[in-house]
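Residue-level structure breakdown
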Amino acid sequence: MRHIKSAALMAAALLTLGGGALLTAPAAQADVPFPSIGWQQRNCDFDGNGHDDVLIGAPGATVSGAKGAGYVTVQYSGAGGLSTTKRTVLSQSTSGVAGAAEAGDGFGRAVATGDLDNDGYDDAIVGIPGEDLGTLSDAGGAVVFWGSPTGLRGGDSFWLQDPDQPRAGANFGRAVEAARYFAPDPSDPDANLRDSIAVLENDSLLFFTAEPGAAAAPRLRQADRGVHALERTAQDSGLALRSLSHGNYNEDSWADLAVSGVTTGDRPGIGVTQVLHGAPGVEDLADGGTFEGGPAVVSSDFNQDGQDDLAIGDTGTGAALGGSVSVHLGKGDLSGLDPTPAQTWTQDSAGVPGVAEAGDRWGAELSSGDTNGDGHPDLAIGAPGEDIGSVADAGAVWTLRGARGGLTATGARSFDQNTAGIPGAAEASDRWGGQIRLIDADKDGRFGLLAAAPGENTNDGFLWVLPASSSGLVAKGTWTYNGATLGAPTADAQFGAAIDE
């Protein structure tokens, strides 16, 4: 059950009525970027120093004696790259954060970033899908942390929940994503540019945005009354929603949203992805098509034509042996993505290391970035179910190289804990590659890899940092850290179960 102070209760009540609590913006402002529209706008600079920071969830951690309460960590970056000394640990035991750390909350099961108040400091959204609201078990919630010159802090954080119909088992906050999907004020779409939040429940999609007006006192409010999965999918059965990604698939001035999940009902477990095209008003979001595959999605401009594309990892029922990744390209006009994939990859594709096997879950996690600085975005593919020799579910990560016209297997590589130069050793159920992110923390034009193994050390979780080079990712120089490195609890923390893309 959530026990919160009167001020937080008032914030929740105002939100339910379409308002929110007043928040004070930082006194100093960083350079104001354009809100997130395409995949290349990575709004994850919490302290405004121009370098991408990293937000990681540890939803299984014991916090204040509550098992599975969870926390998130923030690692700040600078000219020297990613730091583990300049960091922040946040949970529901952090002063100013609504609620309390309680068993099974899963704080940090999902994370996302964006500039929600357009002050130049990016903000963080943390999903808490296991949060109980009164007698409603696992109704779920989320917390927004506002960026500042000193990064994220708990004192002015903002609580989110389903304001209209919180339900037991809805798992509000199971996935979150922030981008400029619509204007806060459709009558003046070029005013108050800022990102809005998309939040998944099991069967619904909800949007929240800051109210029009001065950034010095933003209010977060629900922008619609919720979009149920059955209203947005061509499937005859229901859809269990699982993941989100944004990009600009149709070359307009609004971010588009890919919503992926698996079917329920008579034919359960089939991966399905639905795209919504952004628009000036949230009620005008348009159907951008339904695509086979899921529940993993990531956006990028793989063929470098200036229009974003969508990669879909298919590990659902009926997927290719071991899993597959399909790439749908933007068609170069307002119609959006081509419904026919331009490429479909498996471990059995020519040039891809390894062999497809049942249970690999190749494509369960995806990330895109330019690992060798040639100007072409590459694709990292996680397979947390990959067996390494006789070691079951040890996990591995692949990279497909970007090239003129799209992805290529030329120069494709795979990495696992038995790769020379990678610390540690492959162990059963580590799930190495269960979460991955490509990041250019030092702004040298090359994206290194963060590879998480949430199952490492019997679900404590660890993170590996693989360097980038002129030839792409390399194992030499890889280093690791976990919750203990950052001064946080480790036992069964599942550190790395969520990493912001």
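All of the points below concern the structure found in this document. (Residues numbered from 1 in each chain as written. Predicted model: local features only at pLDDT ≥ 70, side-chain atom pairs only at ≥ 80, totals over all residues. Heavy atoms only, no water.)

Quick notes on the sheet that holds strand 20 (residues 343–345)
Cut-off, in case you're wondering: Pairing between strands is defined by DSSP: at least two bridges between the two strands are required. Helix numbers and strand numbers start at the N terminus; a helix is a DSSP run of H or I with at least 4 residues, a strand a run of E with at least 2. To get an axis, a line is fitted to the C-alpha atoms, and for a helix only the part in contact is used. The angle between two axes follows their N-to-C directions and goes from 0 to 180 degrees.
Sheet architecture is open: 4 strands sit in the order 17-18-19-20, paired in antiparallel fashion. The open sheet is flanked by strand 17 (295–300) and strand 20, the only strands paired with a single partner. Averaged over all neighbouring strand pairs, the angle between strand axes comes to 20 degrees, with direction disregarded. Pairing geometry for strand 18 (residues 309–314) and strand 19 (residues 324–328), over 5 bridges, is antiparallel. The residue bridging I312 from the neighbouring strand is S326, located in strand 19.

What about the pairing of strand 26 (residues 448–453)?
Looking down a regular strand, the side chains alternate between one sheet face and the other. As a reminder of what qualifies: Exposure classes here rest on a 1.4 Å probe applied to the protein chains alone. A residue is buried below 20% of its type maximum, exposed above 50%, and partly exposed in between.
Counting buried residues along strand 26, 6 of its 6 residues qualify, which places the element largely inside the surrounding structure. With burial as the criterion, each face of strand 26 is covered, one bearing G448, L450 and A452 and the other bearing L449, A451 and A453. One ladder, built from 5 bridges, connects strand 25 (residues 435–439) with strand 26; its direction is antiparallel. By the bridge assignment for strand 26, R437 is matched with L450. Two strands pair when backbone bridges link them, and strand 26 and strand 27 (residues 462–466) are joined in this way by 5 bridges, in the antiparallel orientation. Looking across to strand 27, one finds that A452 is bridged to L463.

Topic: the nonpolar core
This is how it is decided: Residues belong to one nonpolar core when they are buried, are Ala, Val, Leu, Ile, Met, Phe, Trp, Tyr or Cys, and are joined through side-chain atoms within 4.5 Å.
By size, the foremost hydrophobic cluster in this structure holds 23 residues, and its most contacted members are A311, W362, L366, L379 and I381. Counting residues in hydrophobic clusters, the runner-up holds 22 residues, among them I56, A61, Y71 and A101.

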